[in-house]
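Chain by chain, the residues run as shown.
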Amino acid sequence: MAAGCCGVKKQKLSSSPPSGSGGGGGTSSSSHCSGESQCRAGELGLGGTAPRLNGLGGLTGGGGSGSVCTLSPTQGCGGGGGGGISLSPPPSCGVGTLLSSPAAATASSPSAFSAALSSSPGSRKMVVSAEMCCFCFDVLYCHLYGYQQPRSPRFTNEPYPLFVTWKIGRDKRLRGCIGTFSAMNLHSGLREYTLTSALKDSRFPPMTRDELPRLFCSVSLLTNFEDVCDYLDWEVGVHGIRIEFINEKGSKRTATYLPEVAKEQGWDHIQTIDSLLRKGGYKAPITNEFRKTIKLTRYRSEKMTLSYAEYLAHRQHHHFQNGIGHPLPPYNHYS
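Note that the structure is predicted; figures quoted are calculated from it, not measured.

Asks: I keep staring at the overall build of the protein and nothing clicks. Help me out?
Replies: Helix and strand counts for the protein stand at seven helices and ten strands. Considering the protein as a whole, with its 335 residues, one finds that 56% of them fall into the buried category. The long-range share in the protein, meaning contacts at least 24 apart out of those at least 6 apart in sequence, stands at 74%. Working note: accessible area of the protein is about 12,900 Å², and carbon and sulfur atoms make up 51% of it.

Here's what the structure looks like:
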């Protein structure tokens, strides 16, 4: 299932439904993914019609504008090797790890990534890497210029749920953000969602060549999924959350925010939950009793971000020829 992943424009949150549609009307803002799509249950194969979810809690193709990226499941719930992740609660409603991956961590640059790897000898290395962002840039570049797609990269091809996020400009406005909760082999998954997030995020027009030099690419690998009984049992800035609820019409809905969203927006637990409910299309007044009916899954992520300039420098530093015939960028770090 694919979903949008970025931050959102700060919203005015309240327990009463917003005027007009239930999705809100935010637009992209500086340093936040401003998802305008609602998260729909269908994107997770949990009901509804949309097949994709934005990482910030909205569904691609949803009508509401807002500050969350939406997640949408692809046909077959992910494809690319790796089945969908079970999100059903464990017996007795205890905390159940649904997907255990390398310890979660976040890095915003290659230097931060290197520091993360060397911080503690006994710690587990992050899976996400600068090479993954470079690969995404390669895929997008080749597509926009009509060149042969790059060969398979040398980083791991293990299956992970993932998101690819594009931001643009000095203020890093959201430009596209779509991912999947289904574990996909990284080579095919990043290749697919690079183009899906750049060209098919319904909140934005397809990306153009002129935008390349101003882009930032983030790759997020989702890990450590856990079902929890208490909708407050997660930590702002540490956990991403996915909620499942029954709306006022009796339909099952879902919405998700990546770990960084609540912290970037300055939201507390209640504000985040209420924002997700609105993004998921819930229009009735939100009461504490209703919040207690929410089924919540928390998760973590590993994240790496690279600018286009860093991408070019990284490729030139490795001095590998690309072998795919395009004149620029001139170097490729793949074998």
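Structure's up, so let's keep going.
Asks: Before we go on, may I ask you to explain the nonpolar core in this structure?
Replies: Most often, soluble globular proteins keep nonpolar side chains buried together rather than apart. Core analysis: the largest hydrophobic core is formed by 38 residues, its most contacted members being Met132, Leu140, Trp166, Leu190 and Leu221. Where this core is concerned, the elements lending two or more residues are helix H2 (130–145), strand S5 (159–168), strand S6 (173–185), helix H3 (186–199), strand S7 (215–228), strand S10 (295–307) and helix H7 (308–318). Sort the elements by how many residues they give to this core and H2 lands first, with eleven residues. Each residue touching Met132, except ones within four places of it in the same chain, is listed here: Val127, Phe155, Thr156, Leu186, Leu190, Val219 and Leu221. Counting 28 residues, the second-largest nonpolar core is a separate cluster that includes Val228, Phe245, Phe290 and Tyr299.

Asks: Teacher, can you tell me more about the pairing of strand S8 (residues 240–246) here?
Replies: Look at any regular strand and the pattern is simple: side chains alternate between the two faces of the sheet. With respect to burial, S8 is a largely interior element, six of its seven residues being buried. In this structure, S8 lies alongside S10, joined through five bridges in antiparallel fashion. Paired with Ile243 across the bridge in S10 is Leu296.

Asks: Can you help me understand helix H5 (residues 269–279) in this one?
Replies: An α-helix turns once every 3.6 residues. As a result, residues three or four positions apart point the same way. Buried residues dominate H5, accounting for eight of its eleven residues. Turning to H5, its buried residues are Thr272, Ile273, Asp274, Ser275, Leu276, Leu277, Arg278 and Lys279. Where H5 is buried, its residues touch S8, strand S9 (252–257), helix H4 (259–265), helix H6 (288–291) and S10. Of the residues flanking the start of H5, the one acting as N-cap is Asp268, its side-chain oxygen 3.2 Å from the backbone nitrogen of Ile270. Gly281, located one to two residues past H5, shows a positive phi value of around 95°.

Asks: Which parts of the structure should I look at to understand the environment of Thr297?
Replies: Of note, Thr297 is situated in strand S10. For Thr297, a relative accessible area of 0% corresponds to the buried category. Distance from Thr297 to Glu244, taken between C-alpha atoms, is 8.5 Å for residues 53 residues apart in sequence. There is a polar contact of 2.5 Å between the side chain of Thr297 and the side chain of Asp227.

Asks: What is the right way to read empty space enclosed by the protein from this model?
Replies: By rolling a water-sized probe across the atoms, one finds the places where empty space is left. Under the defined criterion, the tally for this structure stands at two cavities of 30 Å³ or more. Approximately 30 Å³ is the volume attributed to the second largest cavity. Of all elements in the fold, only S8 and H4 reach the threshold of two or more residues within the lining of the second largest cavity. Class assignment of the residues belonging to the lining of the second largest cavity gives a composition of six nonpolar, three polar and no charged.

Asks: Got a minute to help me understand the pattern of salt bridges in this structure?
Replies: Pairing is possible between side chains that carry opposite charge, provided their charged atoms lie close to one another. On inspection of all chains with the given rule, the structure shows ten salt bridges. Residue Arg173 pairs with Asp171 through a salt bridge whose shortest N-O separation is 2.9 Å. For Arg173, a relative accessible area of 31% gives the class partly exposed. With a shortest N-O distance of 3.2 Å, Glu260 and Lys303 are connected by a salt bridge. Note that Glu260 is positioned in helix H4 and Lys303 in strand S10, a separation of 43 residues in sequence. Residue classification places Glu260 among the buried positions, given a relative accessible area of 17%. Judged by its relative accessible area of 13%, Lys303 is buried. The network of salt bridges with common partners includes Glu226, Asp233 and Arg298.

Asks: I'm lost on the environment of Tyr160 in this one. Help?
Replies: With respect to the helices and strands, the residue Tyr160 is situated in strand S5. Owing to a relative accessible area of 4%, Tyr160 belongs among the buried residues under this scheme. Taking the C-alpha atoms as reference points, Tyr160 and Ser220, separated by 60 residues in sequence, lie 9.6 Å from one another.

Asks: Any chance you could explain the packing of aromatic side chains here in plain terms?
Replies: Aromatic ring pairs: the centre-centre distance and the angle between the two ring planes describe each pair. Evaluation of the coordinates by the stated rule reveals 16 aromatic pairs. On the basis of an interplanar angle of 10° and a centroid distance of 6.2 Å, the ring pair of Tyr145 and Tyr147 is categorised as stacked. Accessibility expressed as a relative area gives 31% for Tyr145, which makes it partly exposed. Connected via pairs of aromatic rings, a cluster forms that spans Phe137, Trp166, Tyr308 and Tyr311. One cation-aromatic arrangement involves Lys172 over Phe216; the distance from NZ or CZ to the ring centre is 4.8 Å.

About the criteria used
Residues numbered from 1 in each chain as written. Predicted model: local features only at pLDDT ≥ 70, side-chain atom pairs only at ≥ 80, totals over all residues. Heavy atoms only, no water. Helix = DSSP H or I, 4+ residues; strand = E, 2+ residues; numbered from the N terminus. Buried < 20%, exposed > 50% of the residue type's maximum accessible area, 1.4 Å probe, protein only. Contact = heavy atoms within 4.5 Å. Areas by Shrake-Rupley, 256 points an atom, 1.4 Å probe, with all protein chains shown as cover. Core = buried A, V, L, I, M, F, W, Y, C linked by side-chain atoms within 4.5 Å. Pairing = 2+ DSSP bridges. Polar contact = N/O pair within 3.5 Å; in protein donor to acceptor, adjacent residues only side chain to side chain. 1 Å grid on protein atoms, 1.4 Å probe; cavity = no way out; pocket = protein on both sides within 12 Å on 5 of 7 lines; lining within 4 Å. Points joined across faces, edges and corners; volume = space filled by probe spheres on them. Nonpolar A, V, L, I, M, F, W, Y, C, P; charged D, E, K, R; others polar. Salt bridge = Lys/Arg side-chain N within 4 Å of Asp/Glu carboxyl O. Phe/Tyr/Trp six-rings, centres within 6.5 Å; stacked < 30°, edge-to-face > 60°. Lys NZ or Arg CZ within 6 Å of the ring centre and 35° of its normal.

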